[in-house]
Amino acid sequence: MAGSGEGRGWLYKIGGGGAVVAVGMFGHHALPLWLAAACLGLGGLAVVFGSCEAMIKSVEGVGKRVGWNPFVAGTMAGLASNVPELVMLGFVLAAAPRVGFIVTCLTLHVGALAFGLYSGFLPRDATGHARLPEPLVKISTDLFAAAAGVFLGTGLVMLMLRTFSAGDHGGEGLGAADLYVLGAALLFVQIVATLELVKRFSSDEPEEAHDGASGSAGSAADGPPPVAPPSWGTIAGFGAIGLATSVLGGHAVGDFADILVEALDEAGYPEMVGALLLSVFASAGAFAMIVTSHANKMYDVALASAAGQVSQVPFVVLPVALILLAILAQTGVIPTASSGAILPIDLETTSVMLLAFPPMLMLWKAVQDDGQVSWVETAAMICVFGIVIYLLAVHG
């Protein structure tokens with residue numbers, strides 16, 4: 001696997017970023033608000049980037065130990081990169097449950113746009129097509145289709161409940177039982193998909209399956225001679241450092257985003273604009289994984305992170321957020337409506353669900369039809385995803 005983690009740049013990012021975060025956290029009384037916020041944002045992002053590099057080292061080591069190919073290793077790294085996002089969303093959900101749910105759903109739209117944009121950087125053949133790894137074509141597309149059905153079906157049910165004042169909560173919102181059922185069902189899909197991915201595609205794929213994007217992922221023939229895989233202790237150490245520092249970085253970025261959103265709200269900007277910015281910062285870990293992997297020419301890992309940022313939102317981040325909402329409400333951390341509803345049904349919460357259907361449908365079609373991405377599909381994805389985000393931000 002390319003980019004085996006040589007160098008100590010990640011340590012400098014974590015150490016330097018952590019120092020800047022400390023200045024923003026402990027010196028905020030003596031600093032102007034904008035400067036303290038900038039310290040939290042820039043320092044937090046540096047820590048997140050460093051933590052992602054540490055997690056890449058960890059999953060690379062696991063991949064070498066158990067024989068995972070780059071795409072599977074990248075998918076596992078992408079799962080780990082959700083940690084800073086979940087940390088940040090946890091604080092947002094506890095402070096503003098409705099906004100936290102909207103941010104979670106908007107993260108999918110931001111991730112879809114990132115996938116479309118990143119597809120433009122993939123190596124292409126003479127016809128202008130970027131060949132995609134087999135696991136992305138055969139498993140991720142199933143997740144895209146399933147997510148499309150979930151968002152469309154749930155959004156329509158929410159719309160009908162609100163229109164006809166139906167359900168246990170009179171159409172006012174979704175209750176704890178609804179959130180638990182939805183969350184458990186979505187997590188079940190991710191568990192099955194992960195097991196299938198490891199079972200069917202974890203071994204190194206043949207060379208013909210690595211043309212285009214996959215073939216440039218840094219094979220052993222192109223790189224230095226094979227070296228002994230790291231010990232399990234080293235792997236665990238990198239993983240622990242990556243997870244711990246991602247929590248620190250995610251918390252700092254979340255604090256910065258809160259300050260920014262409050263400033264936008266005071267300036268009279270629409271609520272969706274602030275929620276969209278929060279979703280961008282919530283995705284910092286995944287974006288860091290994509291950029292870092294691509295810079296190391298680990299294209300399969302970067303592509304797995306980009307695809308995972310889309311497929312893991314409905315089946316990892318969203319179910320965790322729904323279950324957290326139910327727990328927070330039942331423990332009295334957040335209020336509930338008089339009807340017992342926890343997640344309100346309104347224009348914003350319904351629109352982010354319904355408008356998640358077009359991106360999922362577009363992704364399924366672009367990837368599943370021939371296992372390649374053309375320039376037309378890249379342009380179409382950027383267009384569709386960008387328009388949906390624009391409409392949500394301006395008119396949502």
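Caption draft 1: Structural view of the overall build of the protein chain. Helix and strand content of the protein chain: 15 helices and four strands. Its C-alpha atoms give the protein chain a radius of gyration of 21 Å, near enough to 21 Å, the size a compact globule of 396 residues would have. Residues counted as buried form 50% of the 396 residues belonging to the protein chain. Contacts in the protein chain between residues at least 24 apart in sequence constitute 85% of all its contacts with a sequence separation of at least 6. A total of about 16,400 Å² of accessible surface is found on the protein chain, and carbon and sulfur atoms cover 69% of it.

Caption draft 2: Representation of the nonpolar core. The biggest cluster of nonpolar side chains holds 102 residues, and the ones touching the most others in it are Phe115, Met360 and Leu363. Ranked by the residues each element gives to this core, the list is headed by helix α12 (residues 299-330), at 18 residues. Once residues within four sequence positions are removed from consideration, Phe115 is found in contact with Leu136, Leu303, Ala306, Ala307, Val310, Leu363, Val367 and Met381.

Caption draft 3: Quick peek at the pattern of salt bridges. Counted according to the given criterion, the structure contains six salt bridges. One salt bridge in this structure joins Glu196 and Arg200, with 3.8 Å as the shortest N-O distance. Linking Glu196 with Arg200, this pair stays in helix α7 (residues 176-201), spanning four residues, or about one helical turn. Assessed through its relative accessible area of 44%, Arg200 is described here as partly exposed. Salt bridges linked by common partners bring Arg98, Asp346 and Glu348 together as one network.

Caption draft 4: Focus on the packing of aromatic side chains. Within the structure shown, the criterion is met by one aromatic pair. Seen in terms of ring centroids, Trp10 and Phe238 are 5.6 Å apart; in terms of plane orientation they differ by 70°. Their pairing is edge-to-face. Here the residue Trp10 occupies a position in helix α1 (residues 9-26), and Phe238 occupies one in helix α9 (residues 232-266), the gap between them amounting to 228 residues. On the basis of relative accessibility, which here comes to 7%, the residue Trp10 falls in the buried class. You can call Phe238 partly exposed: its relative accessible area is 22%.

About the cut-offs
Residues numbered from 1 in each chain as written. Predicted model: local features only at pLDDT ≥ 70, side-chain atom pairs only at ≥ 80, totals over all residues. Heavy atoms only, no water. Helix = DSSP H or I, 4+ residues; strand = E, 2+ residues; numbered from the N terminus. Rg over C-alpha atoms; globule rule 2.2 N^0.38 Å. Buried < 20%, exposed > 50% of the residue type's maximum accessible area, 1.4 Å probe, protein only. Contact = heavy atoms within 4.5 Å. Areas by Shrake-Rupley, 256 points an atom, 1.4 Å probe, with all protein chains shown as cover. Core = buried A, V, L, I, M, F, W, Y, C linked by side-chain atoms within 4.5 Å. Salt bridge = Lys/Arg side-chain N within 4 Å of Asp/Glu carboxyl O. Phe/Tyr/Trp six-rings, centres within 6.5 Å; stacked < 30°, edge-to-face > 60°.

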